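Here are the chains, one letter per residue:
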Amino acid sequence: MKRYWQTPRLHLRAVEEKDAEAFRGWGQDEEICRNVDMVRYPQSLEQVKMWLLAAAHPKNDAFRWIAEDQAQNVVGTIDTFACDSRNGTFKYGITVSREHWGQGYGKEMVIAILRYYFFELGYQKVTPHVYSYNERSIRLHEKLGFQREGQLRSMVYSNGKYYDEVHFGMHRDEFAARYAEGKQG
């Protein structure tokens, strides 16, 4: 099990009530909110705790992890959703705390989750999407070896403008060729 939840610099674990403060902080950072979804109304710490605990249980292979560095500092979160075991496809979303941007933590989180979903749960394809203004995430997915599979025009409204959704995909065999045990891509 350690193989999946431990990367060279991170440990992935289940969400706990104490993580509400990190989620509240991400919810107050407008750039992070836009990159993940949208800027929402402010929430109290209690509201965040209720949401977090309600969403903390796996459902149809959908799950949320917290990523901690070796000093047990929360680095970010990654969650899977739209898990379709019949067709073997799923999506994920990722958030990295601003102070950890550009340090490769996002890449480690994605590789760990893909390794688990492809080689333990038997999924055959992952299909994340990124908003066209999120250049950092687009570069991450390109570096990871994802293929651009399409772009839906004017799908998200943010900061007074409409933006496209950029859709990426990667098959299990593409991942295996690039990230087989011991390879880092």
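Residues numbered from 1 in each chain as written. Predicted model: local features only at pLDDT ≥ 70, side-chain atom pairs only at ≥ 80, totals over all residues. Heavy atoms only, no water.

Student: What should I look at first to understand the pairing of strand β8 (residues 161–171) in this one?
Tutor: Along a regular strand, successive side chains alternate from one face of the sheet to the other. Here β8 lies mainly inside the structure; 8 of its 11 residues are buried. Here strand β6 (residues 129–131) pairs with β8 via 3 bridges, running antiparallel. Considered in β8, the bridge of Y131 is made with E165. (Buried < 20%, exposed > 50% of the residue type's maximum accessible area, 1.4 Å probe, protein only. Helix = DSSP H or I, 4+ residues; strand = E, 2+ residues; numbered from the N terminus. Pairing = 2+ DSSP bridges.)

Student: Help me out: how do you make sense of the layout of surface pockets in this one?
Tutor: Think of a ball as big as a water molecule: rolled over the atoms, this probe shows where empty space is left. Taken as a whole, the largest pocket encloses approximately 1500 Å³ of empty space. Breaking the lining of the largest pocket down by element, the ones donating at least two residues are α2 (20–27), α3 (30–36), α4 (45–54), β3 (74–84), β4 (89–96), α5 (105–119), β6 and α6 (135–144). Examining the composition of the lining of the largest pocket, we find that 6 residues originate from one element, α6, more than from any other. (1 Å grid on protein atoms, 1.4 Å probe; cavity = no way out; pocket = protein on both sides within 12 Å on 5 of 7 lines; lining within 4 Å. Points joined across faces, edges and corners; volume = space filled by probe spheres on them.)

Student: I tried to follow the confidence of the model for the protein chain on my own but got confused; where do I start?
Tutor: Detailed conclusions should not be drawn from predicted coordinates in areas where pLDDT is low. Of all residues in the protein chain, 96% attain a pLDDT of 70 or more, and the chain-wide mean is 92. Of all secondary-structure elements in the protein chain, the lowest mean pLDDT belongs to helix α1 (residues 2–5), at 74, while strand β5 (residues 125–126) reaches the highest, 98. (pLDDT = per-residue confidence, 0-100.)

Student: When you look at the nonpolar core in this model, what are you seeing that I'm missing?
Tutor: One broad trend across soluble globular proteins is that nonpolar side chains are buried collectively. Judged by nonpolar contacts, the single largest core of 44 residues is most densely connected at L12, W65, F90, L114, Y117, V126 and F146. Discounting chain neighbours no more than four positions away, the residues touching Y117 are D61, A62, F63, W65, T80, C83, F90, G122 and Y123. (Core = buried A, V, L, I, M, F, W, Y, C linked by side-chain atoms within 4.5 Å. Contact = heavy atoms within 4.5 Å.)

Student: Hey, could you run me through the environment of Y131 in this one?
Tutor: Turning to its location among the elements, Y131 is positioned in strand β6. The class of Y131 is buried, set by a relative accessible area of 8%. As for Y131 and V110, which are separated by 21 residues in sequence, their C-alpha atoms are 17 Å apart. Apart from the residues lying within four places of it in its own chain, the contact partners of Y131 are R34, N35, V36, D37, I138, V156, D164 and E165.

Student: What's the story with the pattern of salt bridges in this structure? I'm lost.
Tutor: Scanning the model with the defined rule gives 14 salt bridges in all. For K49, the salt bridge identified is with E46, shortest N-O distance 3.6 Å. Taken together, the residues span about one helical turn, with K49 and E46 both in helix α4 at a distance of 3 residues. Where D79 meets R64, a salt bridge forms, and the shortest distance between an N and an O atom there is 3.8 Å. A residue pair is termed long-range when its members are at least 10 positions apart, and D79 in strand β3 and R64 in strand β2 (residues 64–69) qualify at 15 residues. Here the two residues D79 and R64 agree in accessibility, since each one is buried. The structure contains a network of salt bridges with shared partners spanning D29, E31, R98 and R136. (Salt bridge = Lys/Arg side-chain N within 4 Å of Asp/Glu carboxyl O.)

Student: Explanation requested: the packing of aromatic side chains in the structure shown.
Tutor: Remark: the centre distance and the inter-plane angle together describe each pair of aromatic rings, the angle taken between the planes. Using the criterion set out here, one finds 21 aromatic pairs in the structure. Each residue in the set Y4, W5, F63, W65, F90, Y116, Y117, F118, F119, Y123, F175 and Y179 is aromatic and connected to the rest through ring pairs, giving one cluster. A cation over a ring is seen here: R9 above Y105, with NZ or CZ 4.2 Å from the ring centre. The residue whose ring lies beneath R136 is W101, and the NZ or CZ to ring-centre distance is 3.8 Å. (Phe/Tyr/Trp six-rings, centres within 6.5 Å; stacked < 30°, edge-to-face > 60°. Lys NZ or Arg CZ within 6 Å of the ring centre and 35° of its normal.)

Student: What's the story with the side chain of R64 in this structure? I'm lost.
Tutor: The buried category is assigned to R64, whose relative accessible area is 17%. The residues contacting R64, other than those within four sequence positions of it, are R13, A14, V15, F23, W51, T77, I78 and D79.

Student: Sorry if this is basic, but what is going on with unusual backbone geometry here?
Tutor: Peptide bonds are trans in most cases, and residues, glycine excluded, mostly fall at negative phi. Unlike most non-glycine residues, N60 shows phi in positive territory, near 50°. Checked against the element boundaries, N60 lands in the loop between α4 and β2. With a phi angle near 50°, S154 is a residue other than glycine that sits in the positive phi range. Along the chain, S154 turns up in strand β7 (residues 147–158). Take S154: its relative accessible area is 47%, and that puts it in the partly exposed class.

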